[in-house]
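Here's the letter readout for the chains.
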Amino acid sequence: MIRMQRDEKMIPYLFLFPYLFFFVIFFIYPIGFSFWLSFHKFRGYGEPVFVGLKNFYRLFSYSKFWVTVGNTFFYVIAHWLPTIVISFSLALAVHESAKAVQRIAKPLIFLPQVIATVSSAMIFRIIFAKNSGVINNLLGTQIGFLSDPDWMRWSVVIMMVWRAVGWFFVIFLAGLTLVSKDVEEAAKIDGAGFFRRTFRITIPIMKNIFMFTFIMEAKSTLMVFVEPNILISGGMSAPLRVKPIASILVDNVRNGYFGQASAAGWLLFLLVFLVTIIQFTLFRGKSERGTNK
Amino acid sequence: MKRLNNKLLKPGNFKYIYLLVACIIFLFPLFIMIMGSFKTPTDLSRNPGGFPTKITLENYYILFTSNIVLIRGFLNSVYVTLMYIILSTLLTSMGAYAFAKFQFKGKDFLFMVLLATMMIPKQVLIPPQYLMFAKTGLLDTYTVQIVGNAAKAFGIFMLRQYFEAVPDSILESAKIEGAGQWTIFSRLVLPMSTPALGAFAILQFNNKWNDFLFPALYIRNLTKAPFMVILPQLVTEEGNELMVPWTLILAGCTFVSIPVIIAFLFLQDKIMTSMTAGAVKE
């Protein structure tokens, strides 16, 4: 009897073991290692040297680092507004449409989401190319969308909007179906037109969903790497004008400055952490939507 | 005719016109991709956004015969993604089952740890992982691509929710009939949870198939690299913008995207819910 109970107690651990094995080796240990590295100078060979906060200090004193912070915030803000306007208006249009139109339009609008980021970047390089790109060909111009410093970041933003709309659209569409039919009916009886209804009733009710999407998108955009790098340079070394924060980490890894790279990673964590705190303060006590589902 | 025009331009139809225009704009890049893959290089540079003046299969011929590095990458991607999905689904479902159906010492603590690690950007892992893999000779292997990030916290949360909904009474009666815990899990719980496992697998597919940064850093030997790492190399290796084989690149993009698009059209609702409802954006 005792033996059997002991066996029973082991069972959950046996189920957990494989997961924890990989989780500890490839996740927990690297996290600790990375934290340790961020206070050391280590080039991948020889003995690591403890340098205190010097890695962080050096990042802060590089003007290059601040440019990447600026770029990243630019991406977060510049692509969010057009994305939300386009995807919400599309969600409204689909929501108001006949069922048959909904069945066709919904997957088509979502479709860009399933195209890999790298493939999308390749296609957008052809769209934005200076010589014989799609847009320049159409306009008969030679604008350097991918090389002109004034344009580059906007080209990245346009591609990000194209990739993000489908995701926002599906979330908004789900949100719109949640907006109570009764409220809508009441507004209709009151004689409120479509626009009045949308701005007075639908948008205020969906405020939380807007906030939620902004926070989710801000978090993933803070970590952006592929879009600016592949679109502008075709590789991992985009010009400073478009580099995101993650590029600082990647450049340092590629040059073998592992301490410096880890420090950049933890600064990135700090930013994501701040956004998460904002998320929890905003959504505390409100609907569960802010957390997992 | 005029009456028909008036009818079409009724305010109620504005939404349909808007949707039509939006769909055309959103699908235009895909049109460029597919059409471009059937163009000759001169045709693409003269008319990048239109239909091919003359359809050619040359690009696909090159893709499959002379420049097979892309096909190699595609096969690498298929292999790695498949193994990754199998491994991570197995690990995660077992772990999530323990969280959903058992009480054990340290459960709350573990749960908090998992929750906390979800906030850490995955890039933080790169410098230490690179050093670990370099030291153990795992750089340039398939193993590192499969095993590297197979255990992620979000999967536990996603599957746990689902397993919790499996009624305890069913598990109890199976136990009374003498089924062992592993049998209950593999023969009863997993088959009952195929929708959740499917949703999880879709997310994992999406992450692995699209991953660029990790394999680009860990895999320098192109014979082991996935498609998404090899594809951009075609742009940079020439150095000269005019020499880049754009039509071949578009053929490659079309070739890898078509199966995904077809799968999406068949499983659209499932894919849309699993990519948005869990709200885990990578």
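Residues numbered from 1 in each chain as written. Chains lettered and ligands numbered in written order. Predicted model: local features only at pLDDT ≥ 70, side-chain atom pairs only at ≥ 80, totals over all residues. Heavy atoms only, no water.

Participant: What is the right way to look at the interface of chain A and chain B in this model?
Facilitator: As a measure of interface size, the accessible area lost when the parts come together is often cited. Listed by partner, the interface residues are 93 residues for chain A and 92 residues for chain B. When chain A packs against chain B, the two sides together hide about 8,400 Å² of surface, and 79% of this comes from carbon and sulfur. At the junction of chain A with chain B, the criterion picks out one salt bridge. With its nearest N and O atoms 3.4 Å apart, the salt bridge here joins Arg103(A) to Asp269(B). Our count for the contact surface shared by chain A and chain B stands at eleven residue pairs in polar contact (both at pLDDT 80 or more). Of the residues forming the side of chain A that touches chain B, the biggest block, 22 residues, is contributed by helix 1 (residues 2-37) of chain A. (Contact = heavy atoms within 4.5 Å. Buried area = accessible area lost by both parts, 1.4 Å probe. Salt bridge = Lys/Arg side-chain N within 4 Å of Asp/Glu carboxyl O. Polar contact = N/O pair within 3.5 Å; in protein donor to acceptor, adjacent residues only side chain to side chain. Helix = DSSP H or I, 4+ residues; strand = E, 2+ residues; numbered from the N terminus.)

Participant: For this particular structure, what's the right way to read the packing of helix 5 (residues 69-101) of chain B against helix 9 (residues 153-164) of chain B?
Facilitator: Residue and element names in this part refer to chain B. In contact at an axis separation of 8 Å, helix 5 and helix 9 are set at 55° when each is read in the N-to-C sense. Judged on the interaxial angle alone, helix 9 and helix 5 are oblique. Here the hand of the crossing between helix 5 and helix 9 comes out right-handed. For the pair helix 5 and helix 9, the contacting residues are Thr92, Ser93, Gly95, Ala96, Tyr97, Phe99, Ala100 and Lys101 in the first and Gly155, Ile156, Leu159, Arg160, Phe163 and Glu164 in the second. (Axes fitted to C-alpha atoms, helices over the stretch in contact; angles between N-to-C directions. Parallel < 35°, antiparallel > 145°, perpendicular 65-115°, else oblique. Left-handed = near helix turned anticlockwise from the far one by under 90°.)

Participant: Could you clarify how one ought to interpret the domain arrangement of chain A in this entry?
Facilitator: Domain annotation for chain A reports domain 1 (1-32) and domain 2 (67-253 + 269-292). Placing the centre of domain 1 of chain A and that of domain 2 of chain A at their C-alpha centroids yields a distance of 40 Å. (Domains from an automatic or database assignment.)

Participant: Could you clarify how one ought to interpret the environment of Leu87(B) in this entry?
Facilitator: Summarising the element assignment, Leu87(B) is placed in helix 5. For the pair Leu87(B) and Ile146(B), spaced 59 residues apart in sequence, the C-alpha to C-alpha distance is 7.9 Å. Leu87(B) has contacts with Phe22(A), Ile146(B), Val147(B) and Ala150(B), leaving out every residue within four places of it along the chain.

Participant: Mind showing me how you'd approach the nonpolar core here?
Facilitator: Nonpolar side chains in soluble globular proteins tend to be buried together. Ile109(A), Phe172(A), Leu231(A), Tyr97(B), Phe212(B), Tyr218(B) and Ile249(B) are the most contacted members of the largest nonpolar core, which totals 190 residues. The biggest single contributor to this core is helix 7 (residues 149-178) of chain A, with 17 residues. When residues of this core are assigned to domains, at least three map to each of domain 1 (1-32) and domain 2 (67-253 + 269-292) of chain A. Ignoring anything within four residues of it in the chain, the contact list for Ile109(A) reads Leu90(A), Val94(A), Val165(A), Gly166(A), Phe169(A), Leu19(B) and Cys23(B). (Core = buried A, V, L, I, M, F, W, Y, C linked by side-chain atoms within 4.5 Å. Buried < 20%, exposed > 50% of the residue type's maximum accessible area, 1.4 Å probe, protein only.)

Participant: Is there a simple way to explain the packing of helix 12 (residues 194-210) of chain B against helix 16 (residues 268-276) of chain B in this structure?
Facilitator: Relative placement of two packed helices is described by the angle separating their axes and the distance separating the axes. Residues and elements named next belong to chain B. The contact between helix 12 and helix 16 brings their axes to 9 Å, and the two run at 75°. Here helix 16 runs roughly perpendicular to helix 12, going by the angle between their axes. Between helix 12, through Pro195, Gly198, Ala199, Ile202, Leu203 and Asn206, and helix 16, the contact on the second element is made entirely by Lys270, Ile271, Ser274 and Met275. Of the residues assigned to the contact of helix 12 with helix 16, the class counts are six nonpolar, three polar and one charged. (Nonpolar A, V, L, I, M, F, W, Y, C, P; charged D, E, K, R; others polar.)

Participant: Sorry if this is basic, but what is going on with helix 2 (residues 14-36) of chain B here?
Facilitator: Residue and element names in this part refer to chain B. For helix 2, spanning 23 residues, the distance from its first C-alpha to its last is 32 Å, which sits close to the expected 33 Å at 1.5 Å a residue. Roughly 40° is the biggest bend found in helix 2, and it falls at Phe28, with proline Pro29 one to four residues downstream. Among all positions of helix 2, only Lys15, Leu19, Ala22, Cys23, Phe26, Pro29, Leu30, Ile32, Met33, Met35 and Gly36 are buried. (Expected span 1.5 Å × (residues − 1). Bend = angle between axes of the 7 residues up to and from the residue.)

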